[in-house]
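Overview (structure and organization)
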Amino acid sequence: MKTKTAVLIPCYNEEVTIKKVITDFQKTMPWAEIYVYDNNSTDRTAEIALECGANLRFEYKQGKGNVVRSMFRDIEADCYILVDGDDTYPAEDALRLENAVLSGKADMAIGDRLSSTYFEENKRAFHNFGNVLVKKLINFIYKSDVHDIMTGLRAFSYDFVKSFPVMSKGFEIETEMTVFALDNNFKLYETPIDYRDRPSGSESKLNTVKDGTKVLKTIVSLFKNTKPFIFFSMLSAIFMIIALVLFIPVFIEYLKTGLVPRIPTLIVSIGMMMFSFLTLNSGITLSVLKRQERQQVERHLTTVKMLNNIRGDNNE
């Protein structure tokens, strides 16, 4: 069976770097098909990609998440290399990621910048802080040990790509991919890679505050969706603590005097207790639904595996 590797490069105004990214991958992985997805660029990104011999496609919905959704739906391959078009990731490092996927060691292979040259090359302090914060939050919530959540160089198996439901629209897509892999027990592999800052004339499209806020909101949303019992139990506990803080002084005063002079406080405390019980019940209900969803994902993966085997037999 002929093995196919696809290099996927999402681009928005990367005319300064896209030629080098394409030619580097052509030299390093001449067997791979290179796809450039232009995301409404206003410069010569698309023109340069065509001149370099890449397969050029367009995604008109703005945002990296929207581009990845189209890439994963459109392309058929055994291994998918996803890399940014900003020339910050050496093509040579993708070879180890490709090998991890094709050897069956990984469903998602991660190029780990943070254990290598990232903090020396990246001079944006808030970016560095954000990467570390996201890493610690994800590892705490999912009891994992992923070293780089936001890296722009990854490799994926066919099973992962055809099972991953892309919900994000922008840069929060990296967090979503990592959580999906952790939550659904996909095989992960990490290896340190070199990282170099953007060359002169190339500007980052990432807004530290705006996109960082979106990533944090995505983490909260994914936490709620993937671990509903824990999430709603925490909310339930907060409501219960508030209820007790309000109720205990009223109850003590009642024991001493036989009177309840602070009726509004008592009503609010009872309301908080009701919220606590309702929230806990929601967590229990949603955890049952989440278990059913995981069963559906496993059945879907079985179907994807069968289709992949059929595709492989047809390619022989």
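The following refers to the structure shown. Keep in mind it's a predicted model, so treat the numbers as computed, not measured. (Residues numbered from 1 in each chain as written. Predicted model: local features only at pLDDT ≥ 70, side-chain atom pairs only at ≥ 80, totals over all residues. Heavy atoms only, no water.)

**Remarks on unusual backbone geometry**
- One non-glycine residue with positive phi stands out, namely N13, at about 55 degrees.
- Secondary-structure assignment places N13 in the loop between β1 (5-11) and α1 (18-28).
- The backbone of N40 shows a phi angle near 65 degrees, a positive value even though the residue is not glycine.
- Turning to its location among the elements, N40 is positioned in the loop between β2 (33-38) and α2 (45-51).
- Since its relative accessible area comes to 27%, N40 is described here as partly exposed. (Helix = DSSP H or I, 4+ residues; strand = E, 2+ residues; numbered from the N terminus. Buried < 20%, exposed > 50% of the residue type's maximum accessible area, 1.4 Å probe, protein only.)

**Thoughts on the side chain of T178**
- If you trace the backbone, T178 turns up in helix α8 (residues 173-183).
- The class for T178 is buried, based on a relative accessible area of 0%.
- In this view, T178 contacts M108, V146, I149 and R154; residues no more than four positions away in its chain are not counted. (Contact = heavy atoms within 4.5 Å.)

**Structural notes on the packing of aromatic side chains**
- Considering all chains together, one arrives at 15 aromatic pairs under this definition.
- Plain terms: the ring middles of F160 and F186 are 5.1 Å apart, the flat faces sit at 70 degrees to each other, and that makes the pair edge-to-face. Of this pair, F160 sits in helix α7 (residues 158-161) while F186 sits in the loop between α8 and β7 (188-192), and the two are 26 residues apart along the sequence. Residue F160 shares its accessibility class with F186, and that shared class is buried.
- Both rings, one in F247 and one in F251, keep their centres 5.6 Å apart while their planes meet at 20 degrees; by these two values the pair is stacked. (Phe/Tyr/Trp six-rings, centres within 6.5 Å; stacked < 30°, edge-to-face > 60°.)

**So, the layout of surface pockets**
- Looking at the second largest pocket, its volume works out to about 350 Å³.
- For the lining of the second largest pocket, the elements supplying multiple residues, two or more each, are α8, α9 (208-226) and α11 (263-315). (1 Å grid on protein atoms, 1.4 Å probe; cavity = no way out; pocket = protein on both sides within 12 Å on 5 of 7 lines; lining within 4 Å. Points joined across faces, edges and corners; volume = space filled by probe spheres on them.)

**Observations concerning empty space enclosed by the protein**
- Scanning the entire structure with this criterion turns up 1 cavity of 30 Å³ or more.
- Forming the boundary of the largest cavity are V21, D24, F25, V83, D84, D86, D87, T88, Y89, A91 and R196.
- For the lining of the largest cavity, the leading source of residues is α1, giving 3 residues.
- Residues belonging to the lining of the largest cavity are distributed by class as follows: 5 nonpolar, 1 polar and 5 charged. (Nonpolar A, V, L, I, M, F, W, Y, C, P; charged D, E, K, R; others polar.)

**Points about the sheet that holds strand β5 (residues 108-112)**
- Read across the sheet, 7 strands follow the order β3-β2-β1-β4-β6-β5-β7 without closing on themselves; strand pairing throughout is mixed. Each end of this open sheet is capped by a strand with a single partner; those strands are β3 (55-58) and β7. Taking the axes of each pair of neighbouring strands and ignoring which way they run, one obtains an average angle of 20 degrees across the sheet.
- Of the strands in this sheet, β1, β4 (79-83), β5, β6 (153-157) and β7 touch helix α4 (residues 94-102), which is tilted by about 20 degrees from β6. (Pairing = 2+ DSSP bridges. Axes fitted to C-alpha atoms, helices over the stretch in contact; angles between N-to-C directions.)

**Description of the packing of helix α3 (residues 64-74) against α8**
- As a packed pair, α3 and α8 sit with axes 9 Å apart at the nearest point and diverge in direction by 50 degrees. Classified by the angle their axes make, α3 and α8 are oblique. Residues K64, G65, V68 and F72 of α3 touch α8, and the partners they reach there are I173, E174 and M177. (Parallel < 35°, antiparallel > 145°, perpendicular 65-115°, else oblique.)

**A few points about the environment of E298**
- Position of E298 relative to the elements: it lies in helix α11.
- In the structure, E298 is positioned 219 residues away from C79 in sequence and 21 Å away in space, judged by C-alpha atoms.

**Re the pairing of β4**
- Most of β4 is tucked away: 5 of the 5 residues are buried.
- Neither face of β4 is exposed, since C79, I81 and V83 on one face and Y80 and L82 on the opposite face are all buried.
- Summarising the sheet, β1 and β4 pair through 4 bridges and their orientation is parallel. Within β4, the position partnered with L8 by the bridge is L82.
- Bridge count for β4 against β6 is 5 bridges, and the pairing is antiparallel. Among the inter-strand pairings, V83 is bridged to a residue of β6, identified as L153.

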